[in-house]
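Below are the chains, spelled out letter by letter.
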Amino acid sequence: MSDATTTEPCDACGEPTTDALARTVRLSVDRANIDTQRLCPECFAEWIQRYQAEMGGGTDRDGGSDSEIIVD
């Protein structure tokens, strides 16, 4: 096994991104993988902002937050 860093393109912008910097966004429904995207740090930040804008627009009825974004 090689110690070399793997470089693959970001799925959003196409720029080469090393494994150490890449973030993977997975969409799963009932444990079935629907979509997986490899993103560079800049595109990942944009994805988070878009997610929060589109999915976080509702009111919080009980004052707590049950939603969470899991990044691995």
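Please read all numbers here as calculations on a predicted model, not as lab measurements.

Peer 1: Quick one: what's the story with the pairing of strand β3 (residues 23–29), residue by residue and with numbers?
Peer 2: Alignment of β3 against strand β4 (residues 32–39), held across seven bridges, turns out to be antiparallel. Looking across to β4, one finds that V29 is bridged to A32. Between β3 and β4, which pair antiparallel in sequence order, lie two residues; one of them, D30, sits at a positive phi of approximately 50°.

Peer 1: Lay out the pattern of salt bridges in plain terms, naming residues and giving numbers.
Peer 2: All chains considered together, the criterion is met by one salt bridge. We note a salt bridge from D19 to R38, for which the minimum N-O separation is 3.0 Å. Placement of D19 in the loop between β2 (16–18) and β3 and of R38 in strand β4 is noted, with a sequence separation of 19 residues between them. Classification of D19 as partly exposed rests on a relative accessible area of 40%.

Peer 1: Could you give an account of the packing of aromatic side chains, with specific residues and numbers?
Peer 2: For any pair of aromatic rings, the description consists of the separation of the ring centres together with the inter-plane angle of the planes. The tally for this structure, following the rule as stated, stands at two aromatic pairs. Arranged with centres 6.4 Å apart and planes meeting at 10°, the rings of F44 and W47 form a pair that is stacked. Highlighted residues: F44 and W47, both in helix α1 (residues 41–55), separated by three residues, approximately one helical turn. The same class applies to F44 as to W47, namely buried. Between the aromatic rings of W47 and Y51, the centroid separation amounts to 5.5 Å while the plane-to-plane angle is 20°, which identifies the pairing as stacked. Here W47 and its partner Y51 are both found in helix α1, four residues apart, which amounts to about one turn of the helix.

Analysis parameters
- Residues numbered from 1 in each chain as written.
- Predicted model: local features only at pLDDT ≥ 70, side-chain atom pairs only at ≥ 80, totals over all residues.
- Heavy atoms only, no water.
- Pairing = 2+ DSSP bridges.
- Helix = DSSP H or I, 4+ residues; strand = E, 2+ residues; numbered from the N terminus.
- Salt bridge = Lys/Arg side-chain N within 4 Å of Asp/Glu carboxyl O.
- Buried < 20%, exposed > 50% of the residue type's maximum accessible area, 1.4 Å probe, protein only.
- Phe/Tyr/Trp six-rings, centres within 6.5 Å; stacked < 30°, edge-to-face > 60°.

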